[in-house]
Amino acid sequence: MSAVDDLPPLREVIRRHDLRAKKSLGQNFLLDLNLTARIARAAGPLDDAYVVEIGPGPGGLTRALLAAGARRVVAIERDPRCLAALAEIVAHYPDRLTVIEGDALEIDASTYVTAAPARIVANLPYNVATPLLVAWVGAAPWPPWYDAMVLMFQREVAERIVATPGSKSYGRLSVLAGWRTEARILFDVPAAAFVPRPKVTSSVVRLEPRPTPLPCDRRALERVTQAAFGQRRKMLRQSLKTLGMDPAALLATAGLDPTARAEDVPVEGFVMLARALAEAT
Ligand code: SAM
């Protein structure tokens, strides 16, 4: 693909700003313009959209989002070394890109979004991808401030997000994401597409908020899934003991079979369990 804008090629930007990738920051840069454009398309149409991007790095995906017409991109980056490179993109797209220096785990991105529709799009740093997703699906109030998330994860994490009961990938993340969103894997991205090359394949996932998820307390759901999947092969009457109360009573209130195992319980079952826990505490 030819250039998406008049800015210098990403390799040159990386060289000029000496952005040698740091493993501790989960830095695997995507330099293939076909792929960054494909991710931006998957998040589209973007014409009226506010986009929150986590970890813009040297700005490849950021540029694709802006070239695809995003009304405004708010990009949160932890690595100060990237700021000078990102400032060049700000200058190229006046009033359309805001760069926030900081840790996305500690920043409430919704406060930077002043109009709808809003979307979260990111090639996530693998070391904080799961806590970020758990925070976003736990947003309050619900429906949330975003209308879709298009996120790149390691393939194995993507499989856990979309997994259904009975599969080996089904776990806490499947329940938390499945409770409030509809998630699907859109496409895989080979390790060779990144610089430096990671050990594993990645996948782009699209998650759309369910307008009316089954009502339950998010923290209670997090607690029951943590207890149940902490010992996923044990029966619930055993694994739920870590909650510090009588599992038999909780399971009876939730209408669940005490001999069932976490990996076979659908999202609705965990919601019933979370309600039972919330009632009991
Ligand atoms: N978006 C770029 C791309 O696609 O080439 C870079 C993606 S790289 C996988 C992840 C980016 O997230 C890096 O730029 C890294 O510095 C940044 N990052 C890591 N931890 C972060 C955090 N807690 N908050 C914000 N950004 C973070």
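Further up the page is the structure itself.
Quick caveat: nothing in here was measured; it's all calculated off a predicted structure.

Caption draft 1: Focus on unusual backbone geometry. Looking along the chain, the bond that leaves A116 and enters P117 is cis, with omega of -5 degrees. Looking at where P117 falls in the secondary structure, it is placed in the loop between β4 (97–101) and β5 (118–123). Across the junction of V195 and P196, the peptide omega takes the value -10 degrees, indicating a cis bond. By secondary structure assignment, the location of P196 is in the loop between β8 (194–195) and β9 (202–209).

Caption draft 2: Region of interest: the site of the ligand. Not every one of the 20 residues close to the ligand is listed here, only the nearest: L30, G55, E77, D103 and N123. E77 places a polar side-chain atom, nitrogen or oxygen, 2.6 Å from an oxygen atom of the ligand. About the coverage of the ligand: the protein hides 99% of its 590 Å² of free accessible area. Among the elements of the structure, β1 (29–30) and β3 (72–77) are those that each provide at least two residues to the shell around the ligand.

Caption draft 3: A look at the environment of T225. Relative to the assigned elements, T225 resides in helix α8 (residues 218–230). T225 sits in the buried class, given a relative accessible area of 0%. Measuring from C-alpha to C-alpha, the distance between T225 and T181 comes to 17 Å, with 44 residues separating the pair along the chain. In this structure, T225 is in contact with R172, V175, L176, G230 and F270, ignoring residues within four places of it in sequence. A polar side-chain atom of T225 sits 3.1 Å from the main-chain carbonyl oxygen of E222.

Definitions and cut-offs
- Residues numbered from 1 in each chain as written.
- Predicted model: local features only at pLDDT ≥ 70, side-chain atom pairs only at ≥ 80, totals over all residues.
- Heavy atoms only, no water.
- Helix = DSSP H or I, 4+ residues; strand = E, 2+ residues; numbered from the N terminus.
- Near = heavy atom within 4 Å.
- Polar contact = N/O pair within 3.5 Å; in protein donor to acceptor, adjacent residues only side chain to side chain.
- Areas by Shrake-Rupley, 256 points an atom, 1.4 Å probe, with all protein chains shown as cover.
- Buried < 20%, exposed > 50% of the residue type's maximum accessible area, 1.4 Å probe, protein only.
- Contact = heavy atoms within 4.5 Å.

Such coordinate-based values are descriptive only and should not be taken to indicate function.
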